[in-house]
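Architecture at a glance
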Amino acid sequence: MIQDIYPRKYHNEYLHTQPKDNDLVLVFHQNTVLVRFVDDKLRYPTLNELKSFHISCHYLFSIDQHRYFLAAPARCRYGGPVPNEKDESFPYITLPGYSYENVRIFRTAMSRSTSFAGITAHHLFGWYQTNLFCGRCGHEMKPDHKERMLLCPSCRNMVYPRISPAVIVGVLNGDKILMSKYAGHPYTNYALIAGFNEIGESAEQTVAREVMEEVGLKVKNIRYYKSQPWAFSGSLLLGFFCDLDGSDRITLDRNELAEAGWFKRDEITLTDDHLSLTREMIMQFKKRAAI
């Protein structure tokens, strides 16, 4: 999966520090990131390459000895003062050989640790961008110096990065597994039932509710498989397998799903993408692994 970067090691402990010349800086604009390619592998700019721009940087994390920072703001006048973020007349940071690519490139780019760093940084970028001002009193939020937290200097409101728990569900019916396709979603391959945890319910209750809501089926023997941080949606995915309980007749929620059906192992044409928990769970079923 995308977070499996061994033998490299991810260090997410927060540090109150400034970047050095060779530290890597992630520059985002909405859902795009400034990158270049070296031997088909993603590369991010270093602070040294960005010195002509007036930017501030937030420390993000380290992978092995490589330190990653987030550029803020991503829009600056070359060699001039930091602009007003609302002024669209200022150009975005540009560098020779670099281009802005959609963050979905992290799904397919070579160099797993670089992709993992990029999408995790984009998760934090979104958190910073949506918490510029205090939701309680409206004052500008300030980064804390001791931990990864935003603090309101007026009312002392503390805001931490948002992580939304969600479930991925492999529903088994003997020698068949339930697979579905999302409605109105850019991802068009088959996947498993999925949904976000709601207030006041356990992960197991989320499993039963989501399966009933999306395909009208009851389940039993709910068992945990594995988890995955999924920064594309700011989620922590919790994978579960369960068994069909009763009728296998599917009643589709067409607001959520375009189609759903039961598939035997030899009917599954998907291959392991080494990226997502959903695909790994489907492959586990296909390979007859213990689930």
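Here Val219 lies in strand E15 (residues 219-230). On the basis of relative accessibility, which here comes to 14%, the residue Val219 falls in the buried class. Residues Val219 and Phe116, spaced 103 residues apart in sequence, show a C-alpha to C-alpha distance of 34 Å. Residue contacts for Val219: discarding those within four places in its chain leaves Val171, Ala208, Val211, Cys242, Asp243 and Asp245.

Here we take up the sheet that holds strand E11 (residues 158-159). Sheets are built from strands paired through backbone hydrogen bonds, the pairs being either parallel or antiparallel. Within the open sheet, the three strands sit side by side as E9-E10-E11. Their pairing is antiparallel. Each edge of the open sheet carries a strand with a single partner, namely strand E9 (142-143) and E11. In this sheet, strand E10 (residues 150-151) lies alongside E9 in antiparallel orientation, the contact comprising two bridges. Opposite Lys142, over in E10, you have Leu151 as the bridge partner.

So, about unusual backbone geometry. Omega for the bond connecting Tyr6 with Pro7 falls within 30 degrees of zero, at 15°, which places this linkage in the cis form. Even without glycine at this site, Asn221 takes up a positive phi of about 50°. Tracing the sequence through the fold places Asn221 in strand E15. Classification of Asn221 by relative accessible area gives partly exposed; the value is 47%. The residue Arg288 is not glycine, and still its phi comes out positive at about 60°. Mapping Arg288 onto the fold places it in the segment after helix H3 (277-286).

What follows concerns the pattern of salt bridges. Within the structure shown, the criterion is met by nine salt bridges. For the salt bridge of Asp64 with Arg8, the shortest nitrogen-to-oxygen distance reads 3.4 Å. In this pair, Asp64 sits in the loop between strand E6 (56-63) and strand E7 (66-72) while Arg8 sits in the segment before strand E1 (10-11), placing the two residues 56 residues apart along the sequence. Taking relative accessible area as the criterion, Asp64 reaches 28% and is therefore assigned partly exposed. Residue classification places Arg8 among the partly exposed positions, given a relative accessible area of 38%.

Turning our attention to the confidence of the model for the chain. Counting all residues, the mean pLDDT for the chain is 90, and 93% of those residues have values of 70 or more. Throughout residues 74-83 the model reports pLDDT below 50, and contacts reaching past four residues in sequence, or to other chains, amount to 31 contacts.

Here is what the cut-offs are and how they apply
- Residues numbered from 1 in each chain as written.
- Predicted model: local features only at pLDDT ≥ 70, side-chain atom pairs only at ≥ 80, totals over all residues.
- Heavy atoms only, no water.
- Helix = DSSP H or I, 4+ residues; strand = E, 2+ residues; numbered from the N terminus.
- Buried < 20%, exposed > 50% of the residue type's maximum accessible area, 1.4 Å probe, protein only.
- Contact = heavy atoms within 4.5 Å.
- Pairing = 2+ DSSP bridges.
- Salt bridge = Lys/Arg side-chain N within 4 Å of Asp/Glu carboxyl O.
- pLDDT = per-residue confidence, 0-100.

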